[in-house]
Structures are given as structure tokens and as C-alpha cells.
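Overview (structure and organization)
So you can see what is in the structure, the chains are spelled out below.
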Amino acid sequence: MTAGLSHLRELEAESIHIIREVAATFERPVLLFSGGKDSIVMLRLAEKAFWPCKLPFPVMHVDTGHNFDEVIEYRDRRVAETGCRLVVASVQDDIDAGRVRELTGPRASRNPLQTTTLLRGIEEHRFDAAFGGARRDEEKARAKERVLSFRDEFGQWDPKRQRPELWHLYNGRHHPGEHIRVFPLSNWTELDIWQYIAEESIELPSIYFAHERDVFRRDGMWLAVNPWITLLDGETVERRVVRYRTVGDATCTGAVESSAATVAEVIAEVAATRITERGATRADDRASEAAMEDRKREGYF
């Protein structure tokens with residue numbers, strides 16, 4: 001660690017360096033923005049990297065259409081505040097065009113369909129680098145990622161073709177049609193993210209804090225009652241005080257019971273847990289041990 005820099009400022013400096021390097025060496029980068037805490041921190045870092053100028057690249061939301069209202073309201077407000085250009089890649093558009101098929105059944109989710117929409121958005125706008133908010137501590141497959149992660153002309157990822165990144169030197173070389181995923185938060189942890197949110201006084205969507213919500217129990221998780229989920233026999237709706245540790249498609253993102261209503265209380269809660277946010281609250285990661293890696297190979301975030 002550099003003398004005089006706190007742990008968080010060291011992480012901040014590394015992330016800002018990565019963002020500036022990519023902006024300087026790629027022609028058409030884009031920042032993937034979901035309205036979740038990690039992409040919110042990444043957007044703040046990008047603002048700092050180019051202040052007082054506006055961001056030199058747009059932000060893109062891959063929209064399943066099954067969103068939490070609080071997150072969409074926050075997304076639109078932050079885009080207006082930053083003055084950046086928002087690109088929305090819609091899963092519904094791909095369903096309507098016949099590029100993907102809507103899944104059916106009580107456990108159906110649009111989450112697996114996002115890959116097609118993400119790759120289409122990258123291709124249509126000719127983005128050659130896409131910033132993502134993934135962290136290595138989240139999940140086994142994401143722990144295999146480099147900071148700059150090569151994707152071939154089909155948008156696919158091969159963990160065996162990762163490039164070395166010695167001495168913070170990044171290789172972004174690629175051919176037309178290929179692109180690079182960039183993960184400035186690779187070395188951050190969930191606790192780092194929350195401590196940075198506290199230090200920077202960053203506003204978050206309200207669902208990250210304790211609130212009352214109608215939920216039901218499925219597969220060990222509390223899922224929110226919403227128009228896109230059909231309850232199974234034996235499932236009952238309850239009013240619980242919950243919060244969300246991660247934000248995703250509302251059909252597969254679970255809440256946790258919690259009374260943490262402030263950033264400080266969330267930090268204390270996160271410091272005491274031993275289960276990652278995706279492992280605790282994302283149904284799509286529970287399909288198999290290799291579920292995330294299989295999706296990443298196909299082009300997922």
C-alpha cells in the first residue's frame with residue numbers, strides 16, 4: 001500500500017487508474033449500469049476520474065422489464081444528475097423480435113435472456129470495452145476474471161485465455177468485432193463497497209435498507225410479491241421487514257430479513273456475515289455449481 005493512502009483510497013486510486021486507461025486506449029467504451037450498489041460506486045468513480053468534465057462514454061442498462069420500481073427511479077435520477085447518455089438495451093425487444101423465447105412456468109425468469117440483449121447492445125453501438133461492476137469475492141467464476149477480460153467475436157469468455165496483468169499492465173488488444181469487459185472493482189469486497197458508500201455519502205435505492213414488503217418463501221429465500229411471479233401451492237404471502245443485498249431481476253433476487261436501516265447498520269451486518277450477497281439471494285446462481293461460469297462463457301456479465 002502506498003504510504004499515506006487508506007485502504008479505501010488505495011482501491012479508489014486503482015479503479016480510477018483503470019477507468020482512465022480504458023477511456024484513453026479504447027474508441028467506444030460503455031459503463032454497464034444496473035442501479036445496484038456496485039454499478040453506483042463504479043459510476044461515482046468514473047465521475048471522479050473525469051471531473052469536472054462529463055463522462056466521455058455512455059452508460060447502458062440491460063433491462064429485463066422485471067425491475068424494482070425504486071431502482072428504475074434511482075437510475076433515471078442519477079443519469080439526469082450526471083448528464084451522461086443512457087442506453088437501454090431491452091430484453092422485451094429481443095422477445096418481440098424472436099431473438100429469444102420468453103420462459104414460462106412459475107419459476108420462469110428473464111435473467112438468462114439478458115446475455116442476448118447485452119451482446120446485441122454491444123454490437124449495435126459498436127462498444128469495444130464494457131465496464132462491469134463484478135467483484136472477485138462475489139462468486140467462483142468471477143474470481144477467475146482479470147481486470148481486462150477478453151471476449152471473442154461471439155461475445156464469449158474462455159477462462160483459459162486470460163491475459164497476464166503483471167505490475168498493473170493491461171492488455172486490451174483485440175480485433176474488430178471482439179471486445180473487452182473491464183472490472184475496475186475486481187479487488188473490492190462487499191464490505192469495501194459499503195464503507196466507501198459511507199465515506200462518500202453516496203445515495204442508494206431505498207430497497208438496500210430495511211423496509212416492510214410483501215414476500216413469500218421459496219428455495220430458502222424471501223422473494224417479493226410482484227406481477228411476474230406465480231405463487232406455488234403451499235406458498236403464502238407474509239409482510240416482513242427485509243432489505244436487499246444485491247439488485248437484479250425481481251423474479252430471482254431474494255431479500256434478507258434485516259433491521260439495518262442506515263449505512264452504518266448495514267456495514268455492521270455485512271461485517272458479521274460469511275455468505276456472499278449472490279450466494280444468499282440470487283436464485284439464478286443456484287442452478288448448479290458452475291451456473292455463473294456457464295453463463296459467462298456465453299457472454300453474461
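Quick notes on the rules
- Residues numbered from 1 in each chain as written.
- Predicted model: local features only at pLDDT ≥ 70, side-chain atom pairs only at ≥ 80, totals over all residues.
- Heavy atoms only, no water.
- Phe/Tyr/Trp six-rings, centres within 6.5 Å; stacked < 30°, edge-to-face > 60°.
- Buried < 20%, exposed > 50% of the residue type's maximum accessible area, 1.4 Å probe, protein only.
- Axes fitted to C-alpha atoms, helices over the stretch in contact; angles between N-to-C directions.
- Helix = DSSP H or I, 4+ residues; strand = E, 2+ residues; numbered from the N terminus.
- Parallel < 35°, antiparallel > 145°, perpendicular 65-115°, else oblique.
- Contact = heavy atoms within 4.5 Å.
- Nonpolar A, V, L, I, M, F, W, Y, C, P; charged D, E, K, R; others polar.
- Pairing = 2+ DSSP bridges.

Section: the packing of aromatic side chains
- The tally for this structure, following the rule as stated, stands at six aromatic pairs.
- Judged by centre distance (5.9 Å) and plane angle (85 degrees), the rings of Phe50 and Phe57 are edge-to-face.
- The exposure class assigned to Phe50 is buried, which follows from its relative accessible area of 17%.
- Judged by its relative accessible area of 4%, Phe57 falls in the buried class.
- With a centroid separation of 5.2 Å and an interplanar angle of 85 degrees, the aromatic rings of Trp188 and Tyr196 are classed as edge-to-face.

Section: the packing of helix 1 (residues 7-25) against helix 7 (residues 190-200)
- As a packed pair, helix 1 and helix 7 sit with axes 10 Å apart at the nearest point and diverge in direction by 95 degrees. Comparing their axes, helix 7 and helix 1 come out roughly perpendicular. Residues His7, Leu8, Arg9, Leu11 and Glu12 of helix 1 form the contact with helix 7, whose own contacting residues are Asp192, Gln195, Tyr196, Glu199 and Glu200.
- Its residues assigned to classes, the contact of helix 1 with helix 7 comprises three nonpolar, two polar and five charged.

Thoughts on the sheet that holds strand 9 (residues 238-243)
- With antiparallel pairing, the four strands of this open sheet are ordered in space as 8-7-9-10. Single-partner strands in this sheet number two, and they are strand 8 (221-224) and strand 10 (256-257).
- Relative to strand 8, strand 7 (residues 211-218) runs antiparallel, the two sharing four bridges. Within strand 8, the position partnered with Arg217 by the bridge is Trp222.

What about the pairing of strand 6 (residues 179-182)?
- Side chains of strand 6 alternate between two faces, with His179 and Arg181 and Ile180 and Val182 buried alike.
- Sheet analysis places strand 4 (residues 129-131) next to strand 6, joined by three bridges and oriented parallel. Across the sheet, the residue bridging to Ala129 is Ile180, located in strand 6.
- Pairing geometry for strand 5 (residues 148-151) and strand 6, over four bridges, is antiparallel.

What about the environment of Gly105?
- Mapping Gly105 onto the fold places it in the loop between helix 4 (91-96) and helix 5 (114-124).
- Along the sequence, Gly105 and Asn171 sit 66 residues apart, while their C-alpha atoms lie 44 Å from each other.

As for the packing of helix 1 against helix 2 (residues 37-50)
- Running from N to C, helix 1 and helix 2 cross one another at 70 degrees; their axes reach a closest spacing of 9 Å. As judged from the angle between their axes, helix 1 and helix 2 are roughly perpendicular. Of helix 2, the residues touching helix 1 (which contributes Arg9, Glu12, Ser15, Ile16, Ile19, Arg20 and Ala23) are Met42, Leu45, Ala46, Lys48, Ala49 and Phe50.
- By residue class, the composition of the contact of helix 1 with helix 2 is eight nonpolar, one polar and four charged.

Remember, this is a structural readout, not a statement about activity or role.
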